[in-house]
There are 2 protein chains.
Amino acid sequence: MGVVIPLKDRSDPSANLKPLLDLTDADMRQVNRIIVDRARSDVETVPELARHLIDSGGKRLRPMLAIASAKLCNYHGTDHLQTGAAIEFLHTATLLHDDVVDESDTRRGRKTARLIWGNQASVLVGDFLLGQAFLMLVESGSLQVLKILSQAASTIAEGEVMQLIAANNTATTEDDYLSIINAKTATLFSAATESGATLGERPSEERAALRSFGKNLGLAFQLVDDALDYSGDSSDLGKAVGDDFREGKITLPVILAFRRGEQTERDFWNRTIVERQINDGDLETAMQFMGKHHALEATFERARAYGAVAHDALAIFDDGPEKSAMLDVIAFCIERRH
Amino acid sequence: MGVVIPLKDRSDPSANLKPLLDLTDADMRQVNRIIVDRARSDVETVPELARHLIDSGGKRLRPMLAIASAKLCNYHGTDHLQTGAAIEFLHTATLLHDDVVDESDTRRGRKTARLIWGNQASVLVGDFLLGQAFLMLVESGSLQVLKILSQAASTIAEGEVMQLIAANNTATTEDDYLSIINAKTATLFSAATESGATLGERPSEERAALRSFGKNLGLAFQLVDDALDYSGDSSDLGKAVGDDFREGKITLPVILAFRRGEQTERDFWNRTIVERQINDGDLETAMQFMGKHHALEATFERARAYGAVAHDALAIFDDGPEKSAMLDVIAFCIERRH
């Protein structure tokens, strides 16, 4: 695509996350305190189950992006802390419900909550966290941020329903797939960055720029996630390579390999993804077909293209440590191996 | 208890609902329009599934109570309409998730959404409705109402988790049971009535009075619901008599029959409710034991006691059609047969 995303250190992708970690460190300590505090409940199972996922070593990328955006927009209040915690709760609630919907057994290298406490408690604790997220947002007092995040909650759910309908369906097009990842993933990234801009009470073009940055970063993030499922090192990824394959999930690597493949290959995809008849060696065959058609390279290439859009979105902001850290995150999302 | 709840017509309990229906009729038409409008989505399954439950003939008691409370508090704006719709969405989301958690097959005499569209879509459409509920509340602009209802969403989820933990456990006490129904049912009734008072910007004692009215009405409502499960006419109730029994749900009639019963009876309850070994004729035996120990009468008696508290809570308000309609609802909740 002719776009070059600057990299701090290609051999160590996490170096690209370090400026954001440093920039948000003091605020994230407070966000983490709020998260722990608001996961409390007199009903024992609630905090246990919530903390299982909250403490499982997620990067907290979304609250960090909200905080960095607020800083980029010269926000000097404290509402971004509650907002960041609420965004992480929204994300956690989504993951709890996702794992139930996808019948997933592992998440970030640990047993999923639904395996330990059951599907029922996972659904309900997700609901609890959603309620707590909105309560925190109410307390922080910005109706604009509340609007962005309640709309996001609906859109994410719509995206998950779209994904459910598309599952096991090889007729899913690349456009369908983009609509799905836009709704289920990019929406919360853009809600996070737009919330920061909203707290800073910036003019609408800056809010729009940060919304666009978040959306395109989120698309790149999910594209890479879906490519890593067929290429990552499962010890890094915290989930086994091939999870999407075994779940019959239609992601871009599958869509491209299916469309670029011959009839015998399409028969293979129909048997494995549609009919879910998976034999020993099928994952290796799937990866071989993807290699033959450069499906993973193409997926990463598209991720880089969205990364470039995210990069350009920030052009209207003056240079500085906030902008620089946010640009580095693009490289992190694209080059990460987990 | 020496408390007399006035009845319009004991032979026709729904007559006690009529004043509330009449009082809120014009507003509820608008609430229903908002509900239909906000259940829309470009993702086909979402409105289909949402409308299945929304159109299934629920009484919409909670939004009616919010509207009546707003009227009682001389509120003359229009925010109570969005608030009413949001409360119904919150309730609908809870029911969708409940049916998944309880593995229920029927609701209001129809197949549950989860049987038609699956557990996965039911969870996700519930999430969509929660997001839409908060979005409507944001648009109506009252941070106070938002706070009441986001807190309610968390508390309801906590109540459901408590119920999950108590399920199949005959050691559950009457106090445990009260905590559960207070959280899972009474919370939304009191949030509805308090929201109305909040919109009316009434002094804190009137808000507290309406909160208390809602809470005690909700407790009475749930107690009667749980008694009807062992005594109602299933064609009226929209669910089969004995559903709670078959699901191993611990409700007050079971708690009382267990505690008042002899060892052989307790063995029966342990076999059926704890071990879920239910044979033909066991439901009849359960109802016979309840009859022997007056467990249903005692449950209705407690419902009447909470009804009396709800009645007294409204004493500080001047007499008028709003107050009168709300007092009649107490009788409706207690005398209803479905």
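Predicted model only: the values in this text are computed from it and were never measured. (Residues numbered from 1 in each chain as written. Chains lettered and ligands numbered in written order. Predicted model: local features only at pLDDT ≥ 70, side-chain atom pairs only at ≥ 80, totals over all residues. Heavy atoms only, no water.)

### Regarding the packing of aromatic side chains
The description of an aromatic ring pair uses the distance of the two centres, along with the angle that the planes make with each other.
Line of reasoning, step 1. As enumerated under the stated definition, the model contains 13 aromatic pairs over all chains in all.
Line of reasoning, step 2. Their ring planes at 10 degrees and their centres at 4.1 Å tell us that Phe134(A) and Phe134(B) sit as a pair that is stacked. Here Phe134(B) lies in helix H5 (residues 113–140) and Phe134(A) lies in helix H5 (residues 113–140), a pairing that spans two chains.
Line of reasoning, step 3. Judged by relative accessible area, Phe134(B) falls into the buried class, the value being 2%.
Line of reasoning, step 4. Judged by centre distance (5.2 Å) and plane angle (45 degrees), the rings of Phe189(A) and Phe221(A) are tilted. (Phe/Tyr/Trp six-rings, centres within 6.5 Å; stacked < 30°, edge-to-face > 60°. Helix = DSSP H or I, 4+ residues; strand = E, 2+ residues; numbered from the N terminus. Buried < 20%, exposed > 50% of the residue type's maximum accessible area, 1.4 Å probe, protein only.)

### Focus: the environment of Gln144(B)
All names here are of chain B.
Line of reasoning, step 1. Structurally, the position occupied by Gln-144 is in helix H6 (residues 143–166).
Line of reasoning, step 2. Taking the C-alpha atoms as reference points, Gln-144 and Leu-199, 55 residues apart in sequence, are found 8.4 Å from one another.
Line of reasoning, step 3. In contact with Gln-144, other than residues within four places in its own chain, are Thr-198 and Arg-207. (Contact = heavy atoms within 4.5 Å.)

### Looking at the interface of chain A and chain B
Line of reasoning, step 1. Taken together, the contacts link 36 residues of chain A with 36 residues of chain B.
Line of reasoning, step 2. When chain A packs against chain B, the two sides together hide about 3300 Å² of surface, and 75% of this comes from carbon and sulfur.
Line of reasoning, step 3. Linking chain A with chain B are 0 salt bridges.
Line of reasoning, step 4. Put simply, chain A and chain B have 10 residue pairs in polar contact (both at pLDDT 80 or more) between them.
Line of reasoning, step 5. Mapped onto the side of chain A that touches chain B, the elements with two or more residues apiece are helix H2 (45–54), helix H4 (79–102), H5 and helix H6 (143–166) of chain A. (Buried area = accessible area lost by both parts, 1.4 Å probe. Salt bridge = Lys/Arg side-chain N within 4 Å of Asp/Glu carboxyl O. Polar contact = N/O pair within 3.5 Å; in protein donor to acceptor, adjacent residues only side chain to side chain.)

### Describing the packing of H2(A) against H5(A)
Residue and element names in this part refer to chain A.
Line of reasoning, step 1. Put simply, H2 and H5 touch, their axes get as near as 9 Å, and they point 100 degrees apart. Taken together, H2 and H5 sit at an angle that is classed as roughly perpendicular. Packed against H2, whose contacting residues are Thr-45, Val-46, Glu-48, Leu-49, Ala-50 and His-52, the element H5 presents Ala-113, Ile-116, Trp-117, Ala-121, Ser-122, Val-125, Phe-128 and Leu-129 at the interface.
Line of reasoning, step 2. For the contact of H2 with H5, the residue count by class is 10 nonpolar, 3 polar and 1 charged. (Axes fitted to C-alpha atoms, helices over the stretch in contact; angles between N-to-C directions. Parallel < 35°, antiparallel > 145°, perpendicular 65-115°, else oblique. Nonpolar A, V, L, I, M, F, W, Y, C, P; charged D, E, K, R; others polar.)

### Remarks on the nonpolar core
Line of reasoning, step 1. Leu61(A), Trp269(A), Leu61(B) and Trp269(B) are the most contacted members of the largest nonpolar core, which totals 218 residues.
Line of reasoning, step 2. Apart from the residues lying within four places of it in its own chain, the contact partners of Leu61(B) are Leu17(B), Leu20(B), Phe189(B), Phe221(B), Val329(B) and Cys333(B). (Core = buried A, V, L, I, M, F, W, Y, C linked by side-chain atoms within 4.5 Å.)

### Side note on the relation of the copies chain A and chain B
Line of reasoning, step 1. Structural alignment of chain A on chain B gives an RMSD of 0.0 Å, achieved by rotating through 180 degrees and translating 0.0 Å along the axis. Taken together, the rotation and translation relating the two chain copies correspond to the operation of a two-fold axis. (Least-squares fit on C-alpha atoms with pLDDT ≥ 70 in both.)

### Looking at the packing of H6(A) against H5(B)
Line of reasoning, step 1. As a packed pair, H6(A) and H5(B) sit with axes 8 Å apart at the nearest point and diverge in direction by 160 degrees. What the angle tells us is that H6(A) and H5(B) run roughly antiparallel. Both H6(A) and H5(B) take part in a crossing whose hand is left-handed. Along its contact with H6(A), which presents Leu143(A), Leu146(A), Lys147(A), Ser150(A), Gln151(A), Ala153(A), Ser154(A), Ala157(A), Glu158(A), Glu160(A), Val161(A) and Leu164(A), the element H5(B) presents Gln120(B), Ala121(B), Leu124(B), Val125(B), Asp127(B), Phe128(B), Gly131(B), Gln132(B), Phe134(B), Leu135(B), Val138(B) and Glu139(B).
Line of reasoning, step 2. Of the residues belonging to the contact of H6(A) with H5(B), the class tally is 13 nonpolar, 6 polar and 5 charged. (Left-handed = near helix turned anticlockwise from the far one by under 90°.)

### Describing helix H4 (residues 79–101) of chain B
Because each turn of an α-helix spans 3.6 residues, side chains separated by three or four positions end up pointing in the same direction.
Residue and element names in this part refer to chain B.
Line of reasoning, step 1. The terminal C-alpha atoms of H4, which comprises 23 residues, lie 33 Å apart, in line with the 33 Å expected from a rise of 1.5 Å per residue.
Line of reasoning, step 2. The buried fraction of H4 amounts to 22 of the 23 residues, a majority that puts the element mostly inside the structure.
Line of reasoning, step 3. One or two residues past the end of H4 sits Glu-103, with phi positive at roughly 55 degrees. (Expected span 1.5 Å × (residues − 1).)

### A few points about the side chain of Thr92(A)
All names here are of chain A.
Line of reasoning, step 1. Mapped onto the fold, Thr-92 is located in helix H4.
Line of reasoning, step 2. Only 2.7 Å separates the side chain of Thr-92 from the backbone oxygen of Glu-88, close enough to count as a polar contact.
Line of reasoning, step 3. Residues contacting Thr-92, with those up to four places away along its chain left out, are Leu-53, Ile-54 and Leu-129.

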